[in-house]
Protein chains: 2
Amino acid sequence: MPDRRARKPHYSIDVVLLTPVRGQLAVLLCRSPEGRDKWSLPWEGPRPGEALDVTAARITKGILGEDAVWREQVGAFGDGKRHPADTDLSVGFAGLIPMGTPSPVGGVYAWFPLADVPQLAPRQRQVLDSAILMIRGRMDQSPVAFRLLPQTFTLTELQQMYELLLAKRLHKASFRRALQGAWLVEPTDEWRSEGRGRPAQLYRYSPRKRRPAQRGIRLDLLS
Amino acid sequence: MPDRRARKPHYSIDVVLLTPVRGQLAVLLCRSPEGRDKWSLPWEGPRPGEALDVTAARITKGILGEDAVWREQVGAFGDGKRHPADTDLSVGFAGLIPMGTPSPVGGVYAWFPLADVPQLAPRQRQVLDSAILMIRGRMDQSPVAFRLLPQTFTLTELQQMYELLLAKRLHKASFRRALQGAWLVEPTDEWRSEGRGRPAQLYRYSPRKRRPAQRGIRLDLLS
DNA sequence: TGACAATAGTTACGACTGGTGACTAATTCG
DNA sequence: CGAATTAGTCACCAGTCGTAACTATTGTCA
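These figures come from a predicted structure and were not determined experimentally.

K.L.:
Help me understand the overall build of chain A in this model?
P.N.:
Looking only at helices and strands, one finds five helices and 10 strands in chain A. Projected onto the principal axes, the alpha-carbon positions of chain A cover approximately 55 × 45 × 30 Å. The buried share of chain A, reckoned over its 223 residues, is 47%. Considering only contacts in chain A between residues 6 or more positions apart, those separated by 24 or more positions represent 65%. Across chain A, 34 positive and 23 negative side-chain charges occur, with their mean positions spaced 5 Å apart.

Here it is as structure tokens:
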């Protein structure tokens, strides 16, 4: 957390850390010292000579003990909206935390499901919204969903993670067909029985090189 | 251009302005006062209370007299690479300038085809490369190509603009079929004869509302 | 123990998409 | 007129995607 005795930094690095909690995406917030019910994204000022993503990694490690398994810059936010750091500019980062990572103790930090995020400073709200949109857009370009799962997982778990991140239902057969074509996972020889029903085979993430898969133009998505 | 008598700003806004020049994408650079053959992206420090994109618009208008027809933030760049502003941080913007916009006179600014860009400060080179990648990625989400053409255009011109931006050849029939399905253009009743060959019908950009076009997941593009 | 529910995994079919070459249409040039 | 050149369309085919129905394997309960 920021050292409040230091003088005001010129800009802040804000991190949006996401993890699945009970079937929902949750973001890590930290309690503001100003009020008991005021929360904010974790942030810090820069250190001289430190790259932006290194700062984001340092913040993450300082809170959770581990760095995020995936991180990407969301952008710079600077219109005059209020921010706890009282700086002109904030640089946002999004990071994914694998499920099962132990939560920080002490009551200063807490995971909030996206639907229950309390009021934030306007600029931080912007960072959060942009981070979610950015991750949704990265889903089909970067294997982010695997990063949130343990080393081995069932295909149903993987599908549920995709559904969680995309916020929409997927069809089982289509999902597995696409997965097959993408050569992203390989089966292990283990199976897991989860209560009733047929046991599920465990898979591991293991991307293989494939054909460049150059498809044509898609004007579908244009506004 | 930056006022060099002002004290060093805390960060800079750098703009990547692109326009088609003789069948190539070109970027606007400005001659550095330090050396005759030193060039840089246009940049300025922030003004208090001014939003980031407003600064980018101000820089553009100051040089070309007109704002860009499309603009998007590229991101924040802050690892210790050198930059003419000597700041810790730079925020990059990409902007598109329609073809036919009068070039600035005076020899301070010049358009460089992307293949012939001279050496830049390392951080500005990063901004430029990221801007190109960002625009390529936006091609199928935002109707950027239309922004570079005049009000009316032939479909061949539109296709050539797409090929320029994507840096790859497209098949005529596929392109037109996709265009048809996207409901993005409507024909005018004018035709243009360009030397030899059958005259081409002129079209105008006129997006219509369409079905949401929700397709399944595409894992094709994953690494 | 046997029927049933629940979950995993596969198969098949039809609609649609995208790449492609070949076709027609309209104009200029010699 | 006929060849060359550019615009625009058509039709075929391979592949992809949405979908329902199917099989497979387990636990539960009468």
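K.L.:
Got a minute to help me understand the side chain of Thr19(A) in this structure?
P.N.:
Residue and element names in this part refer to chain A. Assignment of secondary structure puts Thr 19 in strand E1 (residues 11-21). For Thr 19, a relative accessible area of 5% gives the class buried. For Thr 19, the side chain forms a polar contact with the main-chain oxygen of Ile 97, separated by 2.7 Å.

K.L.:
Teacher, can you tell me more about unusual backbone geometry here?
P.N.:
Only a minority of non-glycine residues have a phi that is not negative, and only a minority of peptide bonds are not trans. Positive phi is not limited to glycine here, since Ala167(A) has a value of about 60°. You can see Ala167(A) is positioned in the loop between helix H4 (155-166) and helix H5 (172-182). The phi torsion at Trp183(B) lies on the positive side, around 50°, for a residue other than glycine. With respect to the helices, strands and loops of the structure, Trp183(B) is situated in the loop between helix H5 (172-182) and strand E9 (185-192).

K.L.:
Any chance you could explain the pairing of strand E2 (residues 24-31) of chain B here in plain terms?
P.N.:
Put simply, side chains in a regular strand alternate between the two faces of the sheet. Residue and element names in this part refer to chain B. Most of E2 is tucked away: six of the eight residues are buried. Between strand E1 (residues 11-21) and E2, which follow one another and run antiparallel, lie two residues, and Arg 22 among them has a positive phi close to 50°. Bridge count between E2 and strand E7 (residues 109-113): five bridges; the pairing is antiparallel. Across the sheet, residue Cys 30 finds its bridge partner in E7, namely Tyr 109. As judged from the two bridges shared by E2 and strand E3 (residues 39-40), these two strands associate in the antiparallel manner. The residue of E3 that forms the bridge with Arg 31 is Trp 39.

K.L.:
For this particular structure, what's the right way to read helix H1 (residues 52-64) of chain B?
P.N.:
Helical periodicity: at 3.6 residues per turn, an α-helix aligns residues three or four positions apart in one direction. Taking 1.5 Å of rise per residue, 13 residues should cover 18 Å, and H1(B) covers 19 Å from first to last C-alpha, within 8% of that figure. Looking one or two places after H1(B), you find Gly65(B), whose phi comes out positive at around 85°.

K.L.:
I keep staring at the nonpolar core and nothing clicks. Help me out?
P.N.:
In summary, soluble globular proteins display a tendency toward joint burial of nonpolar side chains. All names here are of chain B. Val 27, Leu 158, Tyr 162 and Leu 165 are the most contacted members of the largest nonpolar core, which totals 44 residues. Those elements that place two or more of their residues in this core are E1, E2, strand E5 (70-77), strand E6 (89-96), helix H2 (122-138), helix H3 (144-147), helix H4 (155-166) and H5. For this core, the element with the highest residue contribution is H4, accounting for seven residues. Setting aside residues no more than four positions away along its own chain, Val 27 makes contact with Val 16, Leu 17, Leu 18, Leu 41, Ala 110, Trp 111, Phe 112, Leu 114, Val 117 and Leu 128.

K.L.:
Where do I start with the sheet that holds strand E10 (residues 200-205) of chain B in this structure?
P.N.:
To summarise the sheet geometry, strands pair through backbone hydrogen bonds and adopt either a parallel or an antiparallel arrangement. All names here are of chain B. As summarised here, the arrangement of the three strands in space is E8-E10-E9, forming an open sheet in which the pairing is antiparallel. Two strands close off the open sheet at either side, each with one partner strand: strand E8 (152-154) and E9. Pairwise comparison of adjacent strand axes, ignoring direction, gives a mean angle of 40° for this sheet. As defined by bridge partners, E9 adjoins E10 across five bridges and the pair is classed as antiparallel. Pairing of Pro 187 across the sheet is with Tyr 203, part of E10. Where H4 meets the sheet, its contacts fall on E8, E9 and E10, and the angle it forms with E8 comes to roughly 85°.

K.L.:
Just checking my understanding: could you explain the pattern of salt bridges for this structure?
P.N.:
Where charged atoms from two side chains of opposite charge come close, those side chains can pair. Counted by the stated rule, this structure contains 20 salt bridges over all chains. Arg192(A) is paired through a salt bridge with Glu157(A); the nearest N and O atoms lie 2.5 Å apart. You can see Arg192(A) sitting in strand E9 (residues 185-192) and its partner Glu157(A) sitting in helix H4, a full 35 residues away along the chain. Among the salt bridges present, the one from Glu194(B) reaches Arg192(B), with a minimum N-O distance of 3.9 Å. Judged by its relative accessible area of 59%, Glu194(B) is exposed.

K.L.:
Explain the sheet that holds strand E10 (residues 200-205) of chain A to me, please; I cannot follow it from the model alone.
P.N.:
Residue and element names in this part refer to chain A. A sheet is described by the order of its strands in space; here three strands give the open sequence E8-E10-E9, paired in antiparallel fashion. The open sheet has two free edges, formed respectively by strand E8 (152-154) and E9, since each of these has just one partner strand. Direction aside, the axes of adjacent strands within the sheet are offset by 40° on average. The pairing of E8 with E10 spans three bridges and is classified as antiparallel. For Thr 154, the partnering residue across the bridge sits in E10 and is Leu 202. Docked against the sheet, H4 engages E8, E9 and E10, running at close to 85° with respect to E8.

Cut-offs applied
- Residues numbered from 1 in each chain as written.
- Chains lettered and ligands numbered in written order.
- Predicted model: local features only at pLDDT ≥ 70, side-chain atom pairs only at ≥ 80, totals over all residues.
- Heavy atoms only, no water.
- Helix = DSSP H or I, 4+ residues; strand = E, 2+ residues; numbered from the N terminus.
- Buried < 20%, exposed > 50% of the residue type's maximum accessible area, 1.4 Å probe, protein only.
- Contact = heavy atoms within 4.5 Å.
- Lys, Arg positive; Asp, Glu negative; His and termini not counted.
- Charge placed at Lys NZ, Arg CZ, Asp CG, Glu CD.
- Polar contact = N/O pair within 3.5 Å; in protein donor to acceptor, adjacent residues only side chain to side chain.
- Pairing = 2+ DSSP bridges.
- Expected span 1.5 Å × (residues − 1).
- Core = buried A, V, L, I, M, F, W, Y, C linked by side-chain atoms within 4.5 Å.
- Axes fitted to C-alpha atoms, helices over the stretch in contact; angles between N-to-C directions.
- Salt bridge = Lys/Arg side-chain N within 4 Å of Asp/Glu carboxyl O.

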